[in-house]
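Overview (structure and organization)
As a plain string of letters, each chain reads:
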Amino acid sequence: RLGQQKASVLAWVMFLGCGWLLLSLLRRLPNRPRWTNSVIGDPPTLVYSREDLRRIWQWEIASGHYPIPEEIRLAIPPMNPGIPPEKYQRKSKKTNLASGIPDRSPSPIGIGSTREYINITAQPPNIAYPPRVPTGSVADLDVIMENCDFSQQKYVRDCLEVMRLGAGLDVGRHVRRANTDDWKYIYREAASSTREPPARQKPLTPKQQKMLKDGNSDAGLWQRDVLEAPLTNLSKPVPAKPFADLDGVCDPDYAKVFHMFWAGPFNEKPYVAMLSFLFTQNLGLHLDKPDPTVCRPQFWMWINPGPAAAVPNPNAVRDMFRELADSPWAAPFLHPRFKDVIKFKMWNTTEQLDGVPELKDEWRSYQESLFNSGGTKYKVPSGKDKEKAAAKALAETASPTASVRSGVSSTNSTSDGDVAPASAASGQNGDDNLYNRLGSTSADAYDRLSVVLSDMARFILCHRFGGTYLDADTVFLRDWEE
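Presented here is an overview of the structure given in this document.

The rules behind the values
- Residues numbered from 1 in each chain as written.
- Predicted model: local features only at pLDDT ≥ 70, side-chain atom pairs only at ≥ 80, totals over all residues.
- Heavy atoms only, no water.
- Helix = DSSP H or I, 4+ residues; strand = E, 2+ residues; numbered from the N terminus.
- 1 Å grid on protein atoms, 1.4 Å probe; cavity = no way out; pocket = protein on both sides within 12 Å on 5 of 7 lines; lining within 4 Å.
- Points joined across faces, edges and corners; volume = space filled by probe spheres on them.
- Nonpolar A, V, L, I, M, F, W, Y, C, P; charged D, E, K, R; others polar.
- Salt bridge = Lys/Arg side-chain N within 4 Å of Asp/Glu carboxyl O.
- Buried < 20%, exposed > 50% of the residue type's maximum accessible area, 1.4 Å probe, protein only.
- Disulfide = S-S within 2.5 Å.
- Contact = heavy atoms within 4.5 Å.
- Polar contact = N/O pair within 3.5 Å; in protein donor to acceptor, adjacent residues only side chain to side chain.

1. Points about the environment of Pro357
- Within the element layout of this structure, Pro357 appears in the loop between helix H8 (349–354) and strand S9 (371–373).
- Each C-alpha atom, one on Pro357 and one on Arg464, is 9.6 Å from the other, the two residues being 107 residues apart in sequence.

Written as structure tokens, this is what we have:
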């Protein structure tokens, strides 16, 4: 019996050994068949070569941004003014923050200002209220992602605890807690005059030398068949200045402005958003004079006074303010007390597009496809087309089948995905068709063009004026600085 057990064990050992030997041989075989890199879905959108991508990313790094995607293949670690020297860094950057994948690209060499991490705690008698962080402080996203990157199996409970403690919101007593210095994520930067000269460049490794030799290859990039012309010039990088270097309390390169776009009658949605802005931001409205040590944010409410496809009349601004004054939702914000923090502005598509240097000479040639949502183009009819649509609507209203078609859209989709001008209408003059709607009154009368226009507005406003764009259903919970 004992002999049979030994024989069975020996047989299993020999079987596993043969399997391991077979797998080892298969790994060493050349020209093994591989799965194709075919991708089902949208076609590629990359229109630049690797060399141009490298130049673009070097511009980003010189502006203080990071990390570096591995696909860029930078052989020499670039200088980055957005992070402190390595000896002052709290932790090495081990992962790509966007994906959580270990980052095998060269880490940028920090040449920026040193950081002072702040211990924020609520002080009696105001422990019931979260303390405001010092003006000019910054949130370290590396520390936040180390505790809140859910792709790396982080827990929401632990993330919220780190965020709560770092912001000074945790004032309760705890039985046990380890050292939490690594949880501090709010810091202030020292003046640039205190920066140390960059360290000498280390000699290139054999791997870096090979990357320099083969760096211009586009292998591994999923590109379109036709690429853009090579980049000829890039603007000079503009790295963010430490708060200690600013001439005032506001950074002119980073506007402290919130944008919101609204079409149709003013109602409770923008009212709640603007009210939460007044309640949460450090505006100092209770002071006789604004605090000179605080950069007060502003709220710019952009009003589209008519249908998205309409051209504003010469009296549009005056009419807009008259309607706002008559609205119980908007009238309180016209009080002179709020004139420096809340500004109502009229949206004019032509004026805004002409205000973008990159678009002002070209956008009119794409006017028919200006309203584009997910590839669906809404062709805005001209004046004559609108007259024909109204006449057709009148004729259809007089027909025997008008009652059947009343209130039903009769837009016709063309073969190229365009949407022709709507001809059916619920009213006799076609006021309720797609191109004449102002705001959504119901699911059947959805103002789709204004939604498409708001998508355009968020990019144009942030490009022209800087700041942050907010959807109309956004509610402020904390101060900008926090």
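Don't stop here, the text continues.
2. Things to note about empty space enclosed by the protein
- In this structure the tally under the stated criterion is one cavity of 30 Å³ or more.
- What the largest cavity holds in volume is close to 30 Å³.
- As for the largest cavity, its lining consists of Pro85, Tyr88, Gly112, Ser113, Thr114, Thr194, Arg195 and Glu196.
- For the lining of the largest cavity, the per-class residue count stands at two nonpolar, four polar and two charged.

3. Remarks on the pattern of salt bridges
- For the coordinates displayed, the defined rule picks out twelve salt bridges.
- Between Asp158 and Arg157 there is a salt bridge; the shortest N-O distance is 3.2 Å.
- Note on Asp158: relative accessible area 29%, which makes it partly exposed.
- Each of the salt bridges in this network shares a partner with another, and the network as a whole consists of Arg296, Lys339 and Asp340.

4. Description of the state of the cysteines
- Enumeration according to the criterion identifies two disulfides in this entry.
- Residue Cys250 pairs covalently with Cys295 via a disulfide, S to S 1.9 Å. Its torsion about the S-S bond being 110°, the disulfide of Cys250 and Cys295 is classed as right-handed. Remark: Cys295 occurs in the loop between helix H6 (268–280) and strand S7 (298–304) and Cys250 occurs in the loop between helix H5 (206–214) and strand S6 (257–263); sequence separation between them is 45 residues.
- For Cys295, a relative accessible area of 6% gives the class buried.
- The disulfide pattern of the protein is 1-2, 3-4 when the bonded cysteines are numbered in sequence order.

5. Structural notes on helix H3 (residues 141–148)
- Within the sequence span of H3, burial applies to Asp142, Val143, Ile144, Asn147 and Cys148.
- On the buried face of H3, the contacting elements are strand S4 (138–139) and helix H4 (156–166).
- Of the residues that open H3, the one with a side-chain oxygen 3.0 Å from the backbone nitrogen of Asp142 is Asp140.

The quantities given are spatial measurements derived from coordinates; they are silent on function.
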